[in-house]
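Structure assessment
Now for the letters of each chain:
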Amino acid sequence: MAEKPQPVQVLYCGVCGLPAEYCEFGPDFEKCKPWLIQNAAEIYPELLQDPSANGVDRVSNQLQSSSITDGNSASASSSLGFKSLAAGSSAPKQEPVKKLPGGKIKKKEKQEVIIEKVTRNKRKSITTLKGLDLFGVKLSDASKKLGKKFATGASVVKGPTEKEQIDVQGDIAYDIVEFITHTWPDVPETAIFFIEDGKKVPAV
């Protein structure tokens, strides 16, 4: 009949409360060294040759006379050690970077409203608004308010880049800026731009 396996005896550090062989990965390895030299020298033989171990006897004597070896103190130290480890692991996580097909990093869209006048059929003018949604504005609601304010047709459509924009019938480009800043205070006037002759011009 096979022999019954014996339980493994684990030596726990009297300073940090971790198993002695894991002290070097703990938060207070320098503080653990005197205790390890005295109680677990076979695990860390290099500590006996470590120049920084000078004065170890003095520190060891202090450890012997202290209450660290008491069971309650050891458990308290263990709790503190694990709290320190937990605190270290709770560092703020970086937001994952979104990547496009091919490994290109997706750039965060700049918050700005672009107003452009488009002439169709040489007579019909349409004012387009892009970017209101970047300020949390619901485009369907915005198109209704614009249509009511300027007594004209306004609708949400997909632009050339497949992004939604608002098309307003008529040339209201320079009248619309004040309406936008008053209706949606979160949209600063400095974030509104016109497209003139293919160039982006600040509305301010």
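We now turn to the structure provided with this report. (Residues numbered from 1 in each chain as written. Predicted model: local features only at pLDDT ≥ 70, side-chain atom pairs only at ≥ 80, totals over all residues. Heavy atoms only, no water.)

Overall, the coordinates contain 3 salt bridges when judged by the stated rule. A salt bridge links K200 to E112; the shortest N-O distance between them is 3.0 Å. Taken together, the positions of K200 in strand β6 (residues 199-202) and E112 in the loop between α3 (71-89) and β1 (113-120) put the pair 88 residues apart, joining distant regions of the chain. Classification of K200 by relative accessible area gives partly exposed; the value is 43%. A relative accessible area of 14% places E112 in the buried class. (Salt bridge = Lys/Arg side-chain N within 4 Å of Asp/Glu carboxyl O. Helix = DSSP H or I, 4+ residues; strand = E, 2+ residues; numbered from the N terminus. Buried < 20%, exposed > 50% of the residue type's maximum accessible area, 1.4 Å probe, protein only.)

What holds strands together in a sheet is hydrogen bonding between their backbones, with the strands either parallel or antiparallel. If you walk across this open sheet you meet the 6 strands as β3-β4-β2-β1-β5-β6, and the pairing is mixed. Single-partner strands in this sheet number two, and they are β3 (154-158) and β6. Neighbour-to-neighbour, the strand axes of this sheet turn through a mean angle of 30°, independent of strand direction. Pairing between strand β5 (residues 192-196) and β6: 4 bridges, direction antiparallel. Paired with F194 across the strands is V201, a residue of β6. Sheet strands touched by helix α4 (residues 139-149): β2 (124-130), β3 and β4 (164-169). Its angle to β4, the strand with the most contacts, is close to 10°. In the packing of helix α5 (residues 173-183) onto the sheet, the strands contacted are β1, β2 and β5, and the crossing angle to β5 comes to about 170°. (Pairing = 2+ DSSP bridges. Axes fitted to C-alpha atoms, helices over the stretch in contact; angles between N-to-C directions. Contact = heavy atoms within 4.5 Å.)

This brings us to the side chain of S125. When you line up the elements, S125 lands in strand β2. Owing to a relative accessible area of 18%, S125 belongs among the buried residues under this scheme. When neighbours within four sequence positions are excluded, S125 is seen to be in contact with V118, T119, V168, Q169, G170 and D171.

What follows covers the packing of α4 against α5. Between α4 and α5, the least distance of the axes is 12 Å, while the angle of their chain directions is 130°. Considered as vectors, α4 and α5 are oriented oblique to each other. Of the two possible hands of crossing, α4 and α5 adopt the one that is right-handed. Here K145, L146 and K149 of α4 lie close against α5, whose contacting residues are I176, F179 and T183. Each residue belonging to the contact of α4 with α5 can be placed in one class, and the counts come to 3 nonpolar, 1 polar and 2 charged. (Parallel < 35°, antiparallel > 145°, perpendicular 65-115°, else oblique. Left-handed = near helix turned anticlockwise from the far one by under 90°. Nonpolar A, V, L, I, M, F, W, Y, C, P; charged D, E, K, R; others polar.)

That's the geometry; what it means functionally is another story.
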